[in-house]
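Residue-level structure breakdown
One-letter residues, chain by chain:
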Amino acid sequence: MRVGVIGGGAWGTALAQVAAQGGEAVTLWAREPEVVTAVNGTHENPLFLAGVTLSPAIHATGDLGDLTSCDALLVVVPAQHVRTVLAGMAIGATPLVLCAKGIEAGTRLLISEVVAEVQPDAPIAVISGPTFAHEVAAGLPTAVTLACADEAIGAALGDRLALPAFRPYFSTDVIGAEIGGAVKNVLAIACGVVEGAGLGQNARAALIARGFAEMTRFGLARGARAETLAGLSGLGDLVLTCSSTSSRNFSLGVGLGQGRPAGELLADRRTVAEGAFTAPVLREAAEVAGIDMPVTEAVCALLAGADVRDVVGALLARPLSREDI
């Protein structure tokens with residue numbers, strides 16, 4: 001199975017490295033010409049994944065047309081660009097493995113729903129879970145959810161990508177795998193705020209638990225399965241990204257907790273903190289569905305410029321309620 005990767009950022013490059021193990025040919029599309037040049041010339045991606053020597057089996061290109069001969073495509077462009085990138089491609093029935101985490105602004109569609117609109121003949125799978133790109137590229141042990149409604153396609157993809165240190169666990173719950181990855185990015189910002197504002201470890205643990213309750217409420221309302229949300233792509237990813245400065249979303253939250261403006265923090269970044277774009281869309285979707293998501297609302301307020309002391313004070317002033325609702 002010849003694999004193509006759409007997106008030459010850190011995560012796309014790490015997944016290309018996984019797919020290239022054993023000398024398997026992989027085509028990596030990158031938007032940045034300097035990434036294409038570096039990957040092909042020196043087998044590295046210093047712009048997004050510095051310090052990692054890449055397999056010579058990875059061939060980078062700036063032409064999406066070079067991916068048409070691939071048997072499966074990993075889609076690793078930022079969530080808000082998936083529609084634009086895929087709409088212009090002749091994909092047909094080639095399986096698309098969605099590796100971006102987010103919800104499309106404006107439509108409030110999950111990425112699988114976006115892809116179903118622009119590439120209706122393509123089978124859809126999702127890879128999601130607790131993954132820092134530099135650890136995956138370095139060959140450190142990693143486990144992910146690989147979700148696909150078609151079990152035969154899912155099994156074939158899992159066999160192609162599985163390594164001793166990269167273990168895909170199969171699920172048919174595409175919606176659940178997507179929602180876990182999207183919501184945890186927003187919650188990671190909130191946990192970063194706790195760190196930046198010096199609110200303590202008790203507060204962070206409480207926020208992770210109450211945030212997971214929000215993720216579960218939203219996920220179940222959208223058709224996800226509870227066991228998926230409690231697995232690698234939900235709770236597992238949440239724990240990782242809510243506790244490390246290697247998380248772009250957590251680092252953004254740290255800055256917000258220190259009182260720095262969101263615009264300044266986002267302008268400083270070469271890579272995308274998806275949670276900043278997902279948060280307002282998630283809040284809209286929750287409001288439409290009548291789902292209470294106070295942590296998400298708090299993140300949106302901070303991104304809009306609210307004072308961290310006022311936002312934290314409002315959360316702490318909420319009426320006490322039962323934990324199981």
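Since this is a predicted model, take the numbers as computed values, not measurements. (Residues numbered from 1 in each chain as written. Predicted model: local features only at pLDDT ≥ 70, side-chain atom pairs only at ≥ 80, totals over all residues. Heavy atoms only, no water.)

This brings us to helix α8 (residues 201–221). The end-to-end C-alpha distance of α8 is 30 Å, a good match for the 30 Å that 21 residues give at a rise of 1.5 Å each. Listed as buried for α8 are Arg 204, Leu 207, Ile 208, Gly 211, Phe 212, Ala 213, Glu 214, Met 215, Thr 216, Phe 218 and Gly 219. Looking at the packing, one finds that the buried side of α8 touches α7 (174–196), α9 (226–229), α10 (232–241), α11 (248–257), α13 (274–289) and α14 (294–303). Count one or two residues on from α8 and you reach Gly 223, which has phi positive near 100°. (Helix = DSSP H or I, 4+ residues; strand = E, 2+ residues; numbered from the N terminus. Expected span 1.5 Å × (residues − 1). Buried < 20%, exposed > 50% of the residue type's maximum accessible area, 1.4 Å probe, protein only. Contact = heavy atoms within 4.5 Å.)

What follows deals with the layout of surface pockets. Its volume calculated, the largest pocket comes out at about 1,200 Å³. What lines the largest pocket is a set of 42 residues, among which Ala 10, Trp 11, Arg 248, Thr 271 and Val 272 lie closest to the centre. When its volume is computed, the second largest pocket comes out at roughly 790 Å³. In this structure, the second largest pocket is lined by 26 residues; those nearest its centre are Arg 210, Val 295, Leu 315, Leu 316 and Arg 318. Of the residues forming the lining of the second largest pocket, the biggest block, six residues, is contributed by α8. Classifying every residue of the lining of the second largest pocket by side-chain character gives 19 nonpolar, one polar and six charged. (1 Å grid on protein atoms, 1.4 Å probe; cavity = no way out; pocket = protein on both sides within 12 Å on 5 of 7 lines; lining within 4 Å. Points joined across faces, edges and corners; volume = space filled by probe spheres on them. Nonpolar A, V, L, I, M, F, W, Y, C, P; charged D, E, K, R; others polar.)

Evaluation of the coordinates by the stated rule reveals one cavity of 30 Å³ or more. The space that makes up the largest cavity amounts to roughly 50 Å³. Taken together, Ala 100, Lys 101, Gly 102, Ile 111, Val 126, Ile 127, Ser 128, Ala 177 and Glu 178 form the lining of the largest cavity. When residues of the lining of the largest cavity are traced back to their parent elements, those giving at least two are β6 (124–128) and α7.

For the rest of this paragraph, the subject is the pattern of salt bridges. The final tally for this structure, using the stated rule, is 12 salt bridges. Of the charged contacts, one joins Glu 117 and Arg 83 as a salt bridge, the two residues approaching to 3.0 Å between their closest N and O atoms. Of this pair, Glu 117 sits in helix α4 (residues 111–118) while Arg 83 sits in helix α3 (residues 82–87), and the two are 34 residues apart along the sequence. Here Arg 83 falls in the partly exposed class, since its relative accessible area comes to 24%. Asp 237 is the partner of Lys 184 in a salt bridge, and the nearest nitrogen-oxygen pair spans 3.7 Å. Placement of Lys 184 in helix α7 and of Asp 237 in helix α10 is noted, with a sequence separation of 53 residues between them. By relative accessible area, which is 0% here, Asp 237 ends up buried. Ionic contacts of the salt-bridge type, sharing partners, join the residues Arg 83, Glu 104 and Glu 117 into one network. (Salt bridge = Lys/Arg side-chain N within 4 Å of Asp/Glu carboxyl O.)

Glancing now at α14. Most of α14 sits inside the fold, with eight of its 10 residues counted as buried. Within the sequence span of α14, burial applies to Pro 294, Val 295, Thr 296, Ala 298, Val 299, Cys 300, Leu 302 and Leu 303. Where α14 terminates, the next one or two residues include Gly 305, which has phi positive at roughly 110°.

Once that is clear, we can look at the packing of α8 against α14. As a packed pair, α8 and α14 sit with axes 8 Å apart at the nearest point and diverge in direction by 105°. Between α8 and α14, the angle is such that the two are roughly perpendicular. Contacts between α8 and α14 pair Leu 207, Glu 214 and Arg 217 from the former with Pro 294, Val 295 and Thr 296 from the latter. Each residue belonging to the contact of α8 with α14 can be placed in one class, and the counts come to three nonpolar, one polar and two charged. (Axes fitted to C-alpha atoms, helices over the stretch in contact; angles between N-to-C directions. Parallel < 35°, antiparallel > 145°, perpendicular 65-115°, else oblique.)

In this structure, Phe 218, Leu 252, Leu 256 and Leu 303 are the most contacted members of the largest nonpolar core, which totals 46 residues. Among the secondary structure elements, those contributing two or more residues to this core are α7, α8, α11, α12 (262–267), α13, α14 and α15 (308–316). Among the elements that take part in this core, α7 stands out by supplying 11 residues, more than any other. Contacts of Leu 303, omitting those with residues within four sequence positions, involve Leu 252, Leu 256, Ala 262, Ala 276 and Ala 279. (Core = buried A, V, L, I, M, F, W, Y, C linked by side-chain atoms within 4.5 Å.)

It is worth spelling out the side chain of Asn 45 at this point. Considering the arrangement of structural elements, one finds Asn 45 in the loop between α2 (33–42) and β3 (58–61). Those residues in contact with Asn 45, other than ones at most four positions away along the chain, are Gly 8, Gly 9, Thr 13, Val 35, Val 39, Ala 50 and Leu 54.

Attention now moves to the pairing of β3. Two strands pair when backbone bridges link them, and strand β2 (residues 26–29) and β3 are joined in this way by four bridges, in the parallel orientation. Each residue of the ladder has a partner; that of Val 26, found in β3, is Ile 58. (Pairing = 2+ DSSP bridges.)

If you trace the eight strands from one edge of the open sheet to the other, you get β3-β2-β1-β4-β5-β6-β7-β8, paired in mixed fashion. In this open sheet, the two strands that pair with only one neighbour each are β3 and β8 (166–171). Sheet twist, expressed as the average angle between the axes of neighbouring strands with direction ignored, equals 25°. Along the sheet face, helix α1 (residues 10–19) touches β1 (3–6), β2, β3, β4 (72–75), β6 and β8 and points at about 175° away from the line of β2. The sheet contacts of helix α6 (residues 151–161) involve β1, β2, β4, β5 (96–98), β6, β7 (142–148) and β8, and relative to β7 the element is tilted by about 155°.

On to the environment of Leu 110, then. In this structure, Leu 110 sits in the loop between β5 and α4. By relative accessible area, Leu 110 is classed as buried at 1%. As a C-alpha pair, Leu 110 and Ile 175 span 65 residues in sequence and 7.9 Å in three-dimensional space. Sequence-distant contacts of Leu 110, defined by excluding residues within four places in its chain, comprise Ile 103, Ile 175, Glu 178, Ile 179 and Arg 222.

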